[in-house]
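Descriptive analysis of the structure
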Amino acid sequence: MTFVTPEPPMALLAELTHRCPLACPYCANPLELERSSTELDTATWKRVLSEAVSLGVLQVHFSGGEPCARRDLLDLVAHAASVGLYSNLITSGVTLDAASLERLASAGLDHVQLSFQDSEAEGGDRIGGYRGGHARKLAVSALIRAAGLPLTANFVVHRHNLARLPDMLALGEQIGASRIEIAHVQYYGWGLVNRASLMPSLAQLETANVEVDRARRELAGRITIDYVVPDYHAARPKACMGGWGRRIMNITPSGKALPCHAAETLPGFDFPSVREHSLAAIWREDTGFARFRGTAWMPEPCQSCDRREIDWGGCRCQAFALTGDAAATDPACVLSPDHAVMAAAVAAAAADPAPLVYRRIGAAVPVT
C-alpha cells in the first residue's frame, strides 16, 4: 500500500472507560463493553495526550462511557492543559457536584458537553435507565455555569422523544447553553440493536428539520445549534467523522486506536494499540487508517462522483452493517446499488417495535 502523509487530526476522542451509570439503548459503544481491568493507566493516557500535541492535535474530548468514573480524570485534565490541549468533557453529569466542577475548572477544563435524554423527567429517566437522572442534570447544568465553564447541551432524539424537540431547544436556552446539539440516534453499537424501536418516521424527521431551522433563525447570534441527522431517510450520505482517518483519532478504554468510534465492528482489521505504538506511527503508517482515507479506494459510482471529496464515500461502518462489505458505496446514497436496504430498514421500523435492549455490561443482546 502506498502511503500519503496525511494532515494531522484536529481532535482526539479519548474514551477513558465504558463504565457508565446510565444504560441508554442508543449508545455508540460496542456491544462487548470493556471492563475496568482492561483500561489504560494514568501514565499511558498522559503519554498519549503529550503525543497528540506533538502530532498536531488541537483538542481532546474526554468521553466514555462516563469519563467521570475515572478517578484520575482531574489529573488527565490538568495534563491536557499543561501540554496545550483544549479539553472538552462529554458527560451524563449525574456524578458531578459543585466541588468536582470547581476542581475540574481549576485544573484547566475548557468546556462541558452535558447529555440529555429528553426535555422532561419521565422520558429522560426511562431512556437513560437512571431514576432521578433528569433532575440531576438540570441541577448540574447550573453548577457548570457557576463554575464558569462553557456549556453545550446535547439532546439525543429518536422516535420516542422527537415530538418534544421544541421543548428541548427551549430547555437548552433556559439552562444557559452557548451551544445546543440535536443529535438523531446513529445506528451503530446499541443503536443498531434498537434501530427498529428508535428510528423516527419521515414525517417526524421533516417536522424536526423545520423546528431546527426555526430555532436557528430565532437564536442566531446567541446560541449555536448543531444538527446531526440520520441517514436512513437521506438521498446522499454525510461525511462520517469528516472522512475516514482525516480529522479525528479515537482511542478506546483499552488503548486501541481507531479512525472512528465504530470501526471495531469491521472484520479483517487489526487496529493497533497505543500501548505498543506511538500516535504518530499509527496515524501516518497504519494500514487500517490508510485503507479508506482519501478517494483512491472508492468504487463506482463514488469514484466519478463530484461529491467524493465532500462526503468521502459516506460511512464505512454503515456500509458494512447494511451490505456486509465495508468498501461498498454507502447505502445512504441514492446512487448506491444497495440503496433499497435503507428502505427495508425504514419499513421494518414502521412495524411494531421490539422492546428496547438497554446498554449494560453482559446484557443479552439479540442476534440480528
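What this report covers is the structure whose coordinates are included nearby. (Residues numbered from 1 in each chain as written. Predicted model: local features only at pLDDT ≥ 70, side-chain atom pairs only at ≥ 80, totals over all residues. Heavy atoms only, no water.)

Note on placement: Glu7 falls in the segment before strand S1 (11-15). You can call Glu7 exposed: its relative accessible area is 54%. Expressed as a C-alpha distance, the spacing of Glu7 and Phe289, which sit 282 residues apart in the sequence, is 13 Å. In contact with Glu7, not counting residues within four places along its chain, are Arg246, Arg247 and Trp283. (Helix = DSSP H or I, 4+ residues; strand = E, 2+ residues; numbered from the N terminus. Buried < 20%, exposed > 50% of the residue type's maximum accessible area, 1.4 Å probe, protein only. Contact = heavy atoms within 4.5 Å.)

To continue, consider the nonpolar core. Residues Leu12, Phe62, Ile251 and Leu279 are the most contacted members of the largest nonpolar core, which totals 77 residues. Ignoring anything within four residues of it in the chain, the contact list for Leu12 reads Val48, Leu49, Ala52, Val57, Gln59, Val60, His61, Met249, Ile251 and Leu279. In this structure, Tyr26, Tyr187, Tyr232 and Ala345 belong to the second largest nonpolar core, which totals 19 residues. (Core = buried A, V, L, I, M, F, W, Y, C linked by side-chain atoms within 4.5 Å.)

Overall, the coordinates contain 10 aromatic pairs when judged by the stated rule. Judged by centre distance (5.9 Å) and plane angle (65°), the ring pair of Trp283 and Phe289 falls under edge-to-face. The pair formed by Trp283 and Phe289 is uniform in burial state, with each residue classed as buried. Sitting above the plane of the Trp283 ring, Arg293 keeps its charged end 4.8 Å from the centroid. Looking at Arg316, its charged tip hangs above the ring of Phe292, at a distance of 5.8 Å from the centre. (Phe/Tyr/Trp six-rings, centres within 6.5 Å; stacked < 30°, edge-to-face > 60°. Lys NZ or Arg CZ within 6 Å of the ring centre and 35° of its normal.)

As a further point, take the sheet that holds strand S3 (residues 86-91). Taken in spatial order, the nine strands make up an open sheet running S7-S6-S5-S4-S3-S2-S1-S8-S9, and their pairing is mixed. Bordering the open sheet on either side are strand S7 (224-228) and strand S9 (257-258), each of which pairs with just one other strand. Taken together, the five bridges between S1 and strand S2 (residues 59-63) define a ladder with parallel strand orientation. Bridge pairing in S2 places Ala11 opposite Gln59. Strands in contact with helix H5 (residues 133-146) are strand S4 (111-116) and strand S5 (151-157); relative to S4, the strand with the most contacts, it is inclined by about 165°. (Pairing = 2+ DSSP bridges. Axes fitted to C-alpha atoms, helices over the stretch in contact; angles between N-to-C directions.)

Listing the buried residues of helix H13 (residues 340-350) in full gives Met342, Ala345 and Ala349. Looking straight down H13, one finds that the buried residues subtend no more than 60° of arc, so they occupy a single side. The exposed residues of H13 that point more than 90 degrees off its buried face are Ala340 and Ala350. Those residues of H13 that are buried lie in contact with helix H8 (195-198) and helix H12 (316-323). (Arc of directions from axis to C-beta.)

On to the environment of Asp338, then. Summarising the element assignment, Asp338 is placed in the loop between H12 and H13. With a relative accessible area of 27%, Asp338 lands in the partly exposed category. For the pair Asp338 and Asp97, spaced 241 residues apart in sequence, the C-alpha separation works out to 49 Å. Each residue touching Asp338, except ones within four places of it in the same chain, is listed here: Thr323, Ala328 and Pro331.

Here we take up the layout of surface pockets. In this structure, the largest pocket encloses a volume near 1,500 Å³. Surrounding the largest pocket, 44 residues form its lining, Ile90, Gln113, Asn154, Glu181 and Ala183 being those nearest its centre. If you list the elements that add at least two residues to the lining of the largest pocket, you get S1, S2, S3, S4, S5, strand S6 (179-184) and S7. The element that contributes the greatest number of residues to the lining of the largest pocket is S6, accounting for four residues. Of the residues assigned to the lining of the largest pocket, the class counts are 19 nonpolar, 18 polar and seven charged. (1 Å grid on protein atoms, 1.4 Å probe; cavity = no way out; pocket = protein on both sides within 12 Å on 5 of 7 lines; lining within 4 Å. Points joined across faces, edges and corners; volume = space filled by probe spheres on them. Nonpolar A, V, L, I, M, F, W, Y, C, P; charged D, E, K, R; others polar.)

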